[in-house]
2 protein chains.
Amino acid sequence: MPPYHHGQLRTALLEAAERSLRENGEEQLSLRELAREIGVSHAAPRRHFPDRQSLLYALAETGFARLDEQLRAAVAAAGEGYVPQLRATVKAYITFATDDAALLELMFSSKHRPGAEQVVAAAEPAFTLLYGLIVRGQAEGRLAAGDPERIGLVMFATMQGIATLINTGLARPELLDDLVETAVEQFVGNVKASSVRSG
Amino acid sequence: MPPYHHGQLRTALLEAAERSLRENGEEQLSLRELAREIGVSHAAPRRHFPDRQSLLYALAETGFARLDEQLRAAVAAAGEGYVPQLRATVKAYITFATDDAALLELMFSSKHRPGAEQVVAAAEPAFTLLYGLIVRGQAEGRLAAGDPERIGLVMFATMQGIATLINTGLARPELLDDLVETAVEQFVGNVKASSVRSG
DNA sequence: ACCTGAACACCGTTCAAGT
DNA sequence: ACCTGAACACCGTTCAAGT
């Protein structure tokens, strides 16, 4: 018979929730079902997550952390060149986002209730990475001049949008590489035509 | 006392649902509550929408139709110039998308169940409009050459992503005009630097 | 053809009580 | 400090029956 105290319930809930989210989407995720799977009463999760939403927020937060990791790994593996690093970043982002569409939706679903601030904060490292990439691109004359934050937001928006299009079925997944390339060309296009000719 | 047959139940449901969606989001939308508001039994909606999801699909479809209308109106009001028309389109899209964030989410939420095909089909006119804008831009030497569908997808993605960023709170709404301008410059930037100097 | 009313199987949330 | 069990107020969905 199982012990009265689970001991790892918080972790177990997060793991089960992550799998459920990936497999069946946010709507299908049920606290009672997670509790059943784990073998605990339906009221037990309350100690760790006061309500369903707080569990979802936690998933979104770890999602942003993992996204940041994967982006940094992609940059590190891309070598020294600026355009290859930029391309790797864009591709890594979209790959992450299309690999777990439900998680991406959760991360970007517009929740304005109190508690979402932590999610916004969790998104910051990924933004900082992007910001650095832009500042460097401008310093090396690869990107057009301008407010890096604004350019970074538009870049992030483009990647996010491409992922959404693929996840929605509005763009076929096979187009991923083409779309990545088109996006990258758009980012570096301003300069490419005037001051830089080849990669 | 109300008549046994409502007569306009389908329309009444759609209107009430649209308002509920805008005010409280998709999760809060309840068929039973809509039925109560309208003054009909909780089982009555079933005649018109077999389940909750089909009502949501219907909202997404009319959303795309309205989006298309607003985009065309914006283009028509923008005058003859290409860049003004492009800018007006981008701004109209993002304005639509941020005016009713829940509807946008619904329109783009990734549903792969049967029934979503109609939603995808409803999105087509807006895409066609964009496609035409791109073909014209290329013909006039304002946009870089390349597969118009690919460029259109990336353009759509950029607009959609900017809207998502604003709706999520990752970008402040006041940045809207700046972000629109940055996006437009990105679209026409390739050409501006080499063959076209001024607007 | 359209709507009702009761019934079923689920939820999330709350709270006194147990260990 | 952590978990249970019963209770509450909601859902979506189904279906025989009413008009």
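Chain A is annotated in an unreviewed UniProt entry as TetR/AcrR family transcriptional regulator of Paractinoplanes pyxinae.

1. Observations concerning the overall build of chain A
Each helix and strand counted, chain A has 9 helices and 0 strands in total. Along the first, second and third principal axes, the C-alpha set of chain A runs to 70 × 30 × 30 Å. Taking all 199 residues of chain A together, the buried fraction comes to 51%. Within chain A, residue pairs in contact and separated by at least 24 positions form 70% of the contacts whose partners lie at least 6 positions apart. Computed over 20 positive and 25 negative side-chain charges, the inter-centroid distance for chain A is 2 Å.

2. Details of the protein's contact with DNA strand C
The local shell around DNA strand C holds 24 residues, among which A:Tyr4, A:Arg32, A:Arg46, B:Ser41 and B:His48 are the closest. In this structure, A:Leu31 approaches DNA strand C through a main-chain N or O atom, which is 2.9 Å from a phosphate oxygen. Side-chain polar atom of A:Arg32 to a base nitrogen of DNA strand C: 2.5 Å apart, as the coordinates give it. At 3 residues, helix α2 (residues 31-38) of chain A tops the list of elements feeding residues into the surface near DNA strand C. Of the residues contributing to the surface near DNA strand C, the split by class is 9 nonpolar, 8 polar and 7 charged.

3. Focus: the interface of chain B and chain A
The interface is formed by 44 residues belonging to chain B together with 43 residues belonging to chain A. Contact between chain B and chain A buries roughly 3,700 Å² in total, counting both sides, with carbon and sulfur atoms accounting for 61%. Viewed at the interface, chain A and chain B are joined by 0 salt bridges. Counting residues per element, the ones that place at least two in the side of chain B that touches chain A are α1 (9-28), α3 (52-77), α5 (101-108), α8 (148-168) and α9 (176-192) of chain B. Here the side of chain B that touches chain A takes 15 residues from α8(B), the largest share from any one element. A class-by-class count of the residues in the side of chain B that touches chain A yields 19 nonpolar, 15 polar and 10 charged.

4. Examining the UniProt feature "domain: HTH tetR-type" (unreviewed entry) in chain A
According to UniProt, the feature "domain: HTH tetR-type" (unreviewed entry) maps to residues 7-67 of chain A in the numbering used here. Between the C-alpha atoms that bound residues 7-67 of chain A there is a distance of 28 Å. The span itself is 72% helix and 0% strand.

5. Some words on the domain arrangement of chain A
Residue and element names in this part refer to chain A. By the assigned domains, chain A splits into domain 1 (1-50) and domain 2 (59-198). Taken together, the 8 residues of domain 1 in the interface contact 7 residues of domain 2. Taken together, the two surfaces of domain 1 and domain 2 that pack against each other cover about 740 Å², and 56% of this comes from carbon and sulfur. When the buried surface of domain 1 facing domain 2 is broken down by residue, Glu18, Leu21 and Arg22 rank first, second and third, together holding 67% of it. Salt-bridge contacts for arginine 22 lead to aspartate 99; the nearest nitrogen and oxygen are separated by 3.3 Å. Between domain 1 and domain 2 we count 2 residue pairs in polar contact (both at pLDDT 80 or more) in total. In the side of domain 1 that touches domain 2, the residues fall into 4 nonpolar, 1 polar and 3 charged.

6. Quick word on the nonpolar core
Counting 138 residues, the largest nonpolar core has A:Tyr93, A:Ile94, A:Phe108, B:Tyr93, B:Ile94 and B:Phe108 as its most contacted members. When near neighbours in sequence (up to four residues on either side) are disregarded, A:Ile94 contacts A:Met159, A:Ile162, A:Ala163, A:Ile166, A:Leu176 and A:Val180.

7. Remarks on the packing of aromatic side chains
Residue and element names in this part refer to chain A. Taken as a whole and assessed by the stated rule, the structure comprises 8 aromatic pairs over all chains. Seen from their ring centres, tyrosine 93 and phenylalanine 156 are 5.1 Å apart, and the 70 degrees between their planes marks the pair as edge-to-face. Of this pair, tyrosine 93 sits in helix α4 (residues 82-99) while phenylalanine 156 is found in helix α8 (residues 148-168), placing the two residues 63 residues apart along the sequence. Here the aromatic rings of phenylalanine 108 and phenylalanine 156 are separated by 6.0 Å at their centres, their planes lie at 50 degrees, and the arrangement is tilted. On the criterion of sequence distance, the pair formed by phenylalanine 108 in helix α5 (residues 101-108) and phenylalanine 156 in helix α8 is long-range, its members being 48 residues apart. Neither residue differs from the other here; phenylalanine 108 and phenylalanine 156 are each classed as buried.

Reading the values: rules and limits
Residues numbered from 1 in each chain as written. Chains lettered and ligands numbered in written order. Predicted model: local features only at pLDDT ≥ 70, side-chain atom pairs only at ≥ 80, totals over all residues. Heavy atoms only, no water. Helix = DSSP H or I, 4+ residues; strand = E, 2+ residues; numbered from the N terminus. Buried < 20%, exposed > 50% of the residue type's maximum accessible area, 1.4 Å probe, protein only. Contact = heavy atoms within 4.5 Å. Lys, Arg positive; Asp, Glu negative; His and termini not counted. Charge placed at Lys NZ, Arg CZ, Asp CG, Glu CD. Near = heavy atom within 4 Å. Polar contact = N/O pair within 3.5 Å; in protein donor to acceptor, adjacent residues only side chain to side chain. Nonpolar A, V, L, I, M, F, W, Y, C, P; charged D, E, K, R; others polar. Buried area = accessible area lost by both parts, 1.4 Å probe. Salt bridge = Lys/Arg side-chain N within 4 Å of Asp/Glu carboxyl O. UniProt positions renumbered as here; feature names shortened; annotations may be inferred. Domains from an automatic or database assignment. Core = buried A, V, L, I, M, F, W, Y, C linked by side-chain atoms within 4.5 Å. Phe/Tyr/Trp six-rings, centres within 6.5 Å; stacked < 30°, edge-to-face > 60°.

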